[in-house]
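# Notes for the structure review
The chain contents come next:
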Amino acid sequence: MLVLVAPGQGAQTPGFLTPWLELPGAADRVAAWSDAIGLDLLHYGTQADADAIRDTAVAQPLLVAAGILSAAALGDINPGAVAGHSVGEITAAAFAGVLDDTAALGLVRKRGLAMADAAAVTKTGMAALLGGDPETSVAHLEKLGLTPANINGAGQIVAAGTLEQLAALAEDKPEGVRKVIPLKVAGAFHTRHMAPAVETLATAAAALSPADPKIPYVSNKDGGTVASGAEVLERLVGQVANPVRWDLCMETFKELGVTALVEVCPGGTLTGLAKRALPGVATLALKTPDDLDAARALLAEHAGA
């Protein structure tokens, strides 16, 4: 059984979309999405620098577009389950048929703008903790006023809060934590700082007509498998101001009997976590179209195509 997963914000790098636009019809497809959401995805995916694509309002639609584009390049595939990390959950909703591509990109555009507005209220950020005991780390973060915004498993927790709180964390790491690494994001996502974005996203979601997932959809909220399109949307809205439990998603992958995991473009983060938390599971990250043949072979072996 194979699970198809989509990364979250921070996975983007300058020019990462360039090789994918060489695939037949890809540039036209991205251009149409750009027109639909009022954002030049072609420019940001090929020419913009790291600071420009760090902007929440840009990064989020860019990641969803890249994920949908790279998954489509695999052809007619049949994964056993889909999931996404944070904004990658919108990409996964498109994989599962809950939203069509244009609706998914329209929703993520509104999500990115709303979260950027919320992030502008107070200077906040996020940082990954490597190593340490999760319970000890969570207690330490709460003592500093920080939120464990992403509990990713494999010994990784992401803290979120004000820049002052993150500076205090760098000086006072939890026992056993080897490193505190600032992330390439522009706010304290999945915390109370994002509460203003929830209402905006709820209004946007209410205008959509979701279908029920055609493929089991594993949710960040609690690792549960969601069978209703309406519930997928409800969870996408609430997720903005609540922690991502990727550790529980990976526990569900184990329970489902997953034997392989493919991470869509710009892959790498989730496959890295899977290598540590899911021993024996074959993993592959789609970084460029050169990875497509290997991914198709993995799909044929573990999922059927």
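For clarity, every value in this text was computed on a predicted model and none was experimentally measured.

## Details of the sheet that holds strand β6 (residues 177-182)
If you trace the 4 strands from one edge of the open sheet to the other, you get β4-β5-β3-β6, paired in antiparallel fashion. Every other strand in the sheet has two partners, leaving β4 (147-153) and β6 as the edge strands with one partner each. Across the sheet, the mean angle separating the axes of adjacent strands is 25° when strand polarity is ignored. Of the pairings in the sheet, the one linking strand β3 (residues 124-131) to strand β5 (residues 156-162) comprises 7 bridges and is antiparallel in character.

## Let's talk about the pairing of strand β2 (residues 81-84)
Neither face of β2 is exposed, since A81 and A83 on one face and V82 and G84 on the opposite face are all buried. Two elements, strand β1 (residues 2-6) and β2, share 4 bridges in a ladder whose sense is parallel. Looking at β2, one finds that A6 is bridged to G84.

## Side note on the packing of helix α4 (residues 56-72) against helix α5 (residues 88-95)
As a packed pair, α4 and α5 sit with axes 9 Å apart at the nearest point and diverge in direction by 35°. Considering how the two elements wind past one another, α4 and α5 form a crossing that is right-handed. When α4 is examined against α5, the residues L63, V64, G67, I68 and A71 are found in contact with a partner set consisting of I90, T91, A94 and F95. Of the residues contributing to the contact of α4 with α5, the split by class is 7 nonpolar, 2 polar and no charged.

## So, the side chain of N150
Mapped onto the elements of the fold, N150 is located in strand β4. Those residues in contact with N150 that lie beyond four places of it in its chain are H85, M126, Q156, I157, V158, H190 and V244.

## Observations regarding the side chain of T252
Note that T252 resides in helix α11 (residues 246-256). Under the relative-accessibility criterion, T252 is labelled buried at 9%. Once residues lying within four places of it in the same chain are set aside, the contact partners of T252 are V218, G223 and T225.

## So, helix α13 (residues 292-302)
Burial in α13 covers these residues: L292, A295, L298 and L299. Along the long axis of α13, the arc covered by the buried residues comes to 125°, so they all point the same way. Opposite the buried face of α13, by more than 90 degrees, sit the exposed residues D293 and E301.

## Focus: the packing of helix α1 (residues 26-37) against helix α6 (residues 101-119)
Two elements in contact, α1 and α6, have axes separated by 10 Å at closest approach and are oriented at 50°. By the angle between their axes, α1 is oblique relative to α6. Judged by the sense of rotation from one axis to the other, the crossing of α1 with α6 is right-handed. Facing α1, whose interface residues are R29, W33, A36 and I37, α6 presents D101, T102, L105, G106 and R109. The residue inventory of the contact of α1 with α6, partitioned by class, reads 4 nonpolar, 2 polar and 3 charged.

## Examining helix α10 (residues 229-239)
All of the buried residues along α10 are G229, V232, L233, R235, L236, V237 and Q239. In this structure, the buried side of α10 is in contact with α5, α6, α9 (195-206), β7 (217-218) and β8 (225-226).

Here is what the cut-offs are and how they apply
Residue positions are given per chain, counted from 1 along the sequence in the order it is written. At least 70 in pLDDT is required for a residue's local features to be given in this predicted model, at least 80 for side-chain atom pairs to be given and counted, and no such filter applies to totals for whole chains, interfaces and linings, which use all residues. Neither water nor hydrogens contribute to the side-chain values; these are computed over all heavy atoms in the structure. When DSSP finds two or more bridges between two strands, those strands count as paired. The helix count covers DSSP runs of H or I at least four residues long, the strand count covers runs of E at least two residues long, and both are numbered beginning at the N terminus. Between N-to-C directions, angles span 0 to 180 degrees; the directions come from axes that are lines fitted to C-alpha atoms, helices contributing only their stretch in contact. Think of it in three bands: with a 1.4 Å probe and only protein chains considered, a residue is buried below 20% of the maximum accessible area for its type, exposed above 50%, and partly exposed in between. Crossing handedness is defined as follows: a turn of the near helix away from the far one that is anticlockwise and smaller than a right angle gives a left-handed crossing, while the clockwise case is right-handed. A contact between two residues is defined here by any heavy atoms of the two lying within 4.5 Å. For this classification, the nonpolar set comprises Ala, Val, Leu, Ile, Met, Phe, Trp, Tyr, Cys and Pro, the charged set comprises Asp, Glu, Lys and Arg, and every other residue, Gly included, is treated as polar. The arc under discussion is defined with respect to the helix axis, by the directions toward the C-beta atoms. Note on terminology: angles under 35 degrees are roughly parallel, angles over 145 are roughly antiparallel, angles of 65 to 115 are roughly perpendicular, and the others are oblique.

Such coordinate-based values are descriptive only and should not be taken to indicate function.
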